[in-house]
Amino acid sequence: MAPDGTRIAYQLQAQGAPLVLLAGQANDHHWWDAVRDDFHSVRSTLTLDYRGTGDSDKPDIPYSTELLAQDVIAVLDELGIDRADVYGTSMGGRVAQQLAARHPHRVAALVLGCTSPGGPHSVERGNDVRRALAQPRPEAARKALLELMYTPRWLASHPGPHHTLGDPRMPAHARRRHLVAGNQHNAWELLPDISAPTLVVHGSDDLLNPAANAPLLAARIPGARLHLIPNARHAYFEEFRTHASPLVLDFLTTTHKP
């Protein structure tokens, strides 16, 4: 339970030192369904349903990435986990930035995927992308989002279901709250305070969260490493899992001992 009384659902799987997996905006833990087993050879995985999603409470109050990071701390406290590795993608990467900068003693190693620092220093998506996602017909907007997530070749052989398009059970107010939280994120001044070993990963062809944000993060976080995955779009961690998951595991297991 969060400090404000909001109940946060979480899912802990497998054995070993914990790896916290943080999903994208307006998504619950199913975001990670396709790949979380990739980490179970050496880690347990801890996911959660953000407030507003899944089985967590959905209060109609202001959300922020800092508040969502506090919810992660509440889950770690509930489980008695002092320190954990953290892997956040998309808005989960923004939550992870808050977590690592504001609670450095709780984060052992950090992976930031397909994310940005937010604020005026970030590179925003193009107006063509915004227009595609704002189409009035839901099916057209969904198709546009799919094509930003995955390459046409992958979509041709993977008809779905796709768990990266948002939690269909979210009420409208929670979707709005998530959108505002993501849009208002600005961790630029916090990034130099991140002391955990950090890997920044991004798909080279990501237009949803432009790949130009990756070198900005890597340059701003002390000692961070940068890795771009060629030809990958936003959901690189799923479509390019045979590249991305071993990359993350190698970083986690060679950077520090759990």
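Rules used in this analysis
Residues numbered from 1 in each chain as written. Predicted model: local features only at pLDDT ≥ 70, side-chain atom pairs only at ≥ 80, totals over all residues. Heavy atoms only, no water. Helix = DSSP H or I, 4+ residues; strand = E, 2+ residues; numbered from the N terminus. Rg over C-alpha atoms; globule rule 2.2 N^0.38 Å. Buried < 20%, exposed > 50% of the residue type's maximum accessible area, 1.4 Å probe, protein only. Contact = heavy atoms within 4.5 Å. Pairing = 2+ DSSP bridges. Salt bridge = Lys/Arg side-chain N within 4 Å of Asp/Glu carboxyl O. Axes fitted to C-alpha atoms, helices over the stretch in contact; angles between N-to-C directions. Parallel < 35°, antiparallel > 145°, perpendicular 65-115°, else oblique. Polar contact = N/O pair within 3.5 Å; in protein donor to acceptor, adjacent residues only side chain to side chain. Core = buried A, V, L, I, M, F, W, Y, C linked by side-chain atoms within 4.5 Å. Phe/Tyr/Trp six-rings, centres within 6.5 Å; stacked < 30°, edge-to-face > 60°.

Caption draft 1: Representation of the overall build of the protein chain within the structure. The secondary structure content of the protein chain amounts to 9 helices and 7 strands. Here the C-alpha atoms of the protein chain give a radius of gyration of 17 Å, agreeing with the 18 Å that 2.2 N^0.38 yields for 258 residues. Reported as C-alpha extents along the three principal axes, the dimensions of the protein chain are approximately 45 × 40 × 35 Å. For the protein chain, the residues scored as buried account for 55% of the 258 residues in total. Partitioning the contacts of the protein chain with sequence separation of at least 6, the portion at a separation of at least 24 is 75%.

Caption draft 2: Fine view of the pairing of strand S3 (residues 44-48). Taken across its 5 residues, S3 has 5 buried, putting it largely inside the fold. Every second residue of S3 is oriented toward a common face, with Ser44, Leu46 and Leu48 on one face and Thr45 and Thr47 on the other, all of them buried. As judged from the 4 bridges shared by strand S1 (residues 10-13) and S3, these two strands associate in the antiparallel manner. Looking across to S3, one finds that Gln11 is bridged to Thr47. With 3 bridges joining them, strand S2 (residues 18-22) and S3 adopt parallel strand pairing. Bridged to Pro18 within S3 is Ser44.

Caption draft 3: Layout of the pattern of salt bridges. Within the structure shown, the criterion is met by 13 salt bridges. The partner of Arg241 in a salt bridge is Asp38, with the nearest N and O atoms 2.4 Å apart. Pair noted here: Arg241 is in helix H9 (residues 241-255) and Asp38 is in the loop between S2 and S3, with a separation of 203 residues, a long-range link. According to the relative accessible area criterion, Asp38 is partly exposed, its value standing at 22%. For the salt bridge of Arg43 with Asp85, the shortest nitrogen-to-oxygen distance reads 2.9 Å. Of this pair, Arg43 sits in the loop between S2 and S3 while Asp85 sits in strand S4 (residues 84-89); the two residues are 42 residues apart in sequence, bridging distant segments of the chain. On the basis of relative accessible area, Asp85 is assigned to the buried category, the value being 2%. One connected set of salt bridges, linked through shared partners, spans Asp4, Arg51 and Asp71.

Caption draft 4: View of the packing of helix H1 (residues 65-79) against helix H2 (residues 91-102). Relative orientation of the contacting elements H1 and H2 amounts to 70°, with a least axis distance of 8 Å. As far as their axial angle goes, H2 and H1 are roughly perpendicular. For the pair H1 and H2, contact is made by Thr65, Glu66, Leu68, Ala69, Val72 and Ile73 and by Met91, Arg94, Val95, Gln98, Leu99 and Arg102, respectively.

Caption draft 5: Region of interest: the sheet that holds S2. An order of S1-S3-S2-S4-S5-S6-S7 is seen for the 7 strands of this open sheet, with the pairing classed as mixed. In the strand order of this sheet, the two ends are held by S1 and strand S7 (225-229), each with one partner. Here the strands of the sheet are splayed against their neighbours by 20° on average, with no regard to which way each runs. The sheet strands contacting H2 are S2, S4 and strand S5 (107-113), and the helix crosses S4 at an angle near 145°. Seen against the sheet, helix H7 (residues 213-220) touches strand S6 (198-203) and S7 and runs at an angle of roughly 165° to S7.

Caption draft 6: Layout of the environment of Leu247. Relative to the assigned elements, Leu247 resides in helix H9. Along the sequence, Leu247 and Asn209 sit 38 residues apart, while their C-alpha atoms lie 20 Å from each other. When sequence neighbours within four positions are dropped, the list of residues in contact with Leu247 reads Leu199, Val201 and His227.

Caption draft 7: Up close: the side chain of Ser90. With respect to the helices and strands, Ser90 occurs in the loop between S4 and H2. Within the local environment of Ser90, its side chain forms a polar contact with the side chain of His234, the two groups lying 2.8 Å apart. The contact partners of Ser90, leaving out residues within four places of it in the chain, are Gly24, Trp31, Gly113, Cys114, Thr115 and His234.

Caption draft 8: Expanded view of the nonpolar core. By size, the foremost hydrophobic cluster in this structure holds 72 residues, and its most contacted members are Leu22, Tyr87, Leu110 and Tyr236. Not counting residues up to four positions away in its chain, the partners in contact with Leu22 are Trp32, Leu48, Tyr50, Val72, Val86, Tyr87, Gly88, Thr89, Gly92, Val95 and Ala96.

Caption draft 9: How the structure looks around the packing of aromatic side chains. The final tally for this structure, using the stated rule, is 6 aromatic pairs. Among the aromatic residues, ring-to-ring pairing joins Trp31, Trp32, Phe39, Tyr87, Tyr236 and Phe237 into one connected group.

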